[in-house]
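Spelled out, the chains give:
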Amino acid sequence: MLKYTEQRLLSTDAALNPPAYPVRTKPGGSWLTEGADDWTAGFYAAALWRTYERTHDPAWRQRAETWQAGLARQTKQDTTDLGFKIFDTYGVGYQLTGDESYKRVVLQAADTVARRYNPNVGMFRVWDKADDKTQYRVNIDALMNLELMFWAGQNGGNPQHADIAKRHALRALQDLVRPDGGTWMVAHYDQKTGALLSHSTKQGYATESTWSRGQAWAVHGFTTAYRYTKDPRFLDAARRTADYFVRRLPPDRVPYWDFDVPNKATAPRDTSAAAVVASALVELSGYEADPAAKQHDTDTARDILTSLSSPAYAPRQPKFAAMLQHGTQHFPSGWADTGIMFGDYYYVEAIGRYEKAGNSTAAFMSD
Ligand code: GLY
């Protein structure tokens, strides 16, 4: 298990050099890469940090430091996605090493993201520039960027960062989570009055459908919001969005790219969404007071990880650069049915959390 994920990470290190950051696989199985300004640029270094966390082998720390070095210049980039790019690298790196220079990078990034917060809306805007006057859009994905703000606010940055992160999460719960626990992808607001205007989708099948990775971001994001705030509304939101996700999974526990897509016989899956939820469920199990519910979350995470680790999703051929195949980054753009670096990251994160919680991963990949 560990060998498989490590081998894939080492092959990527041998094949690429920063600033060519792996994003998703091309036909043939090698990585398509992007520069440091892409929102996904941190995930390879993030997977290296998580491997260092598991192994304590300084060689993994060295690789993580080499791969994250080019991201420090991104702290002024006007994007909410600095949460993904900077927290999962420098933030986790700081937690694992205590290197104060990493903390400074994280706090700078949090200050940049704070400028994207509008108090009328009570949320961080997504995609558009911080001063855009024409529209105000927020996606469900932005929940994943709140950890940067919670952590910065509680660890020496402006304490307001944590307050506005909480406000964002509460408004996302109000406006992006449906009564049945499903989620909309995008909410549009009037930035002067803060009124919710409408919903839409960019990466889902339809406005009223449920995009599976958006749902996964909600599960992971609300679970993290609960960790930092201990506000029971976030625990309930994590529970409801997780239950929705699990309820709608096909028998092999890996969702189609959108839960409501018709013609399921030909619809691509999204292994990245499955990996994100497996990781979140391990954390959520730790917050469950009821032993049966706790066990159910652990068992569900185990079942998802077992399926992801089977040859159907984790191809053993070394020519395929990613750990997981059948991921869908952006179906409307035609980026479907590939390996995805962030899917691999959450797979590594999930396995690490599962092990740390005292469970054996030996059965995931016994062949
Ligand atoms: N924006 C993150 C995603 O594509 O899921």
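Residues numbered from 1 in each chain as written. Predicted model: local features only at pLDDT ≥ 70, side-chain atom pairs only at ≥ 80, totals over all residues. Heavy atoms only, no water.

Q: Please provide a residue-by-residue account of the overall build of the protein, values included.
A: In terms of helices and strands, the protein carries 12 helices and 7 strands. Against the globule reference of 21 Å for 367 residues, the protein gives a C-alpha radius of gyration of 19 Å, in line with a compact fold. Principal-axis analysis of the C-alpha atoms places the extent of the protein at approximately 60 × 45 × 45 Å. As displayed, the protein has an accessible area near 14200 Å², and 51% of this comes from carbon and sulfur atoms. (Helix = DSSP H or I, 4+ residues; strand = E, 2+ residues; numbered from the N terminus. Rg over C-alpha atoms; globule rule 2.2 N^0.38 Å. Areas by Shrake-Rupley, 256 points an atom, 1.4 Å probe, with all protein chains shown as cover.)

Q: Give me the site of the ligand: which residues, what numbers.
A: Residues in contact with the ligand, as listed here, are Trp39, Asp141, Gln203, Trp211, Arg213 and Trp217. Contacts to the ligand include Asp141, whose side-chain N or O atom sits 2.8 Å from a nitrogen atom. Between an oxygen atom of the ligand and a side-chain N or O atom of Arg213, the distance comes to 2.8 Å. When the ligand is considered free in solution it has 200 Å² of accessible area, and contact with the protein chains removes 92% of it. Grouping the amino acids of the shell around the ligand by side-chain chemistry returns 3 nonpolar, 1 polar and 2 charged. (Near = heavy atom within 4 Å. Polar contact = N/O pair within 3.5 Å; in protein donor to acceptor, adjacent residues only side chain to side chain. Nonpolar A, V, L, I, M, F, W, Y, C, P; charged D, E, K, R; others polar.)

Q: Got a sec to walk through the packing of helix H4 (residues 82-97) against helix H5 (residues 100-114)? Specific residues and values, please.
A: Where H4 contacts H5, the two axes come as close as 8 Å, and the packing angle between them is 155°. Judged on the interaxial angle alone, H5 and H4 are roughly antiparallel. Helix-helix and strand crossings are classified by hand; for H4 and H5 the assignment is left-handed. Along its contact with H4, which presents Leu82, Ile86, Phe87, Tyr90, Gly91, Gly93, Tyr94 and Thr97, the element H5 presents Glu100, Tyr102, Lys103, Val105, Val106, Ala109, Thr112 and Val113. (Axes fitted to C-alpha atoms, helices over the stretch in contact; angles between N-to-C directions. Parallel < 35°, antiparallel > 145°, perpendicular 65-115°, else oblique. Left-handed = near helix turned anticlockwise from the far one by under 90°. Contact = heavy atoms within 4.5 Å.)

Q: Pulling in residues and values, what's your account of the environment of Tyr136?
A: Positionally, Tyr136 belongs in the loop between strand S4 (123-124) and strand S5 (137-139). One polar contact links the side chain of Tyr136 to the main-chain amide nitrogen of Arg125, over a distance of 3.3 Å.

Q: Lay out the pattern of salt bridges with the relevant residues and their values.
A: Under the counting rule described, the total for this entry stands at 25 salt bridges. Residues Arg227 and Glu147 are paired through a salt bridge, measuring 2.9 Å at the closest nitrogen-oxygen approach. Of the two residues, Arg227 is situated in helix H8 (residues 212-229) and Glu147 in helix H6 (residues 146-154); the sequence distance between them amounts to 80 residues. When salt bridges that share partners are traced, they join Glu147, Arg227, Glu283, Glu349 and Arg353 into one network. (Salt bridge = Lys/Arg side-chain N within 4 Å of Asp/Glu carboxyl O.)

Q: Let's hear about the side chain of Gln329: which residues, and what values?
A: With respect to the helices and strands, the residue Gln329 is situated in the loop between helix H11 (291-308) and helix H12 (341-356). On the basis of relative accessible area, Gln329 is assigned to the buried category, the value being 5%. If we skip the residues at most four places from it in the chain, Gln329 touches Val23, Arg24, Trp39, Thr40, Gln203, Arg213, Trp335, Ile340 and Phe342. (Buried < 20%, exposed > 50% of the residue type's maximum accessible area, 1.4 Å probe, protein only.)

Q: Help me get a handle on the environment of His326, residues and values and all.
A: In this structure, His326 sits in the loop between H11 and H12. Accessibility expressed as a relative area gives 26% for His326, which makes it partly exposed. Setting aside its immediate chain neighbours within four residues, His326 contacts Arg269, Asp270, Thr271, Ala312, Tyr313, Asp337 and Thr338. Polar contacts involving the side chain of His326 include one to the side chain of Asp337, which spans 2.5 Å.

Q: Break down the side chain of Gln74 for me, citing the residues and quoting the values.
A: Following the sequence through the fold, Gln74 ends up in the loop between helix H3 (58-68) and H4. When neighbours within four sequence positions are excluded, Gln74 is seen to be in contact with Ala36, Asp37, Leu82 and Lys85.

Q: Got a sec to walk through the pairing of strand S2 (residues 31-34)? Specific residues and values, please.
A: Here 4 bridges tie strand S1 (residues 21-25) to S2, and the two strands are oriented antiparallel to one another. In the sheet register, Pro22 faces S2, and the bridge partner there is Thr33. Taking the residues between adjacent antiparallel strands as the criterion, S1 and S2 are bridged by 5 residues, where Gly28 takes a positive phi near 105°. (Pairing = 2+ DSSP bridges.)

Q: Can you lay out the packing of aromatic side chains for me, pointing to particular residues and giving the numbers?
A: Taken as a whole, this structure holds 26 aromatic pairs when the rule is applied. Ring geometry for Tyr354 against Phe364: centres 5.3 Å apart, planes inclined by 40°, an arrangement best described as tilted. One end of the pair, Tyr354, is in helix H12; the other, Phe364, is in the segment after H12, and 10 residues separate them in sequence. Judged by its relative accessible area of 5%, Tyr354 is buried. Three or more aromatic residues link up through ring pairs in this structure, and these residues are Trp39, Phe43, Phe84, Trp217, Phe342, Tyr345 and Tyr346. One residue, Lys202, lies across the ring of Trp127, its end atom 3.8 Å from the ring centre. (Phe/Tyr/Trp six-rings, centres within 6.5 Å; stacked < 30°, edge-to-face > 60°. Lys NZ or Arg CZ within 6 Å of the ring centre and 35° of its normal.)

Q: So what's going on with the nonpolar core? Which residues, and what values?
A: If you look at the biggest cluster of nonpolar residues, it comprises 118 residues, and the most contacted ones within it are Leu148, Phe222, Leu305, Leu308, Tyr346 and Tyr347. At 10 residues, the largest contribution of residues to this core is made by helix H10 (residues 271-287). Filtering out sequence-adjacent residues up to four positions away, Phe222 remains in contact with Leu143, Ala169, Ala172, Leu173, Val177, Phe234, Ala237, Ala238 and Thr241. (Core = buried A, V, L, I, M, F, W, Y, C linked by side-chain atoms within 4.5 Å.)

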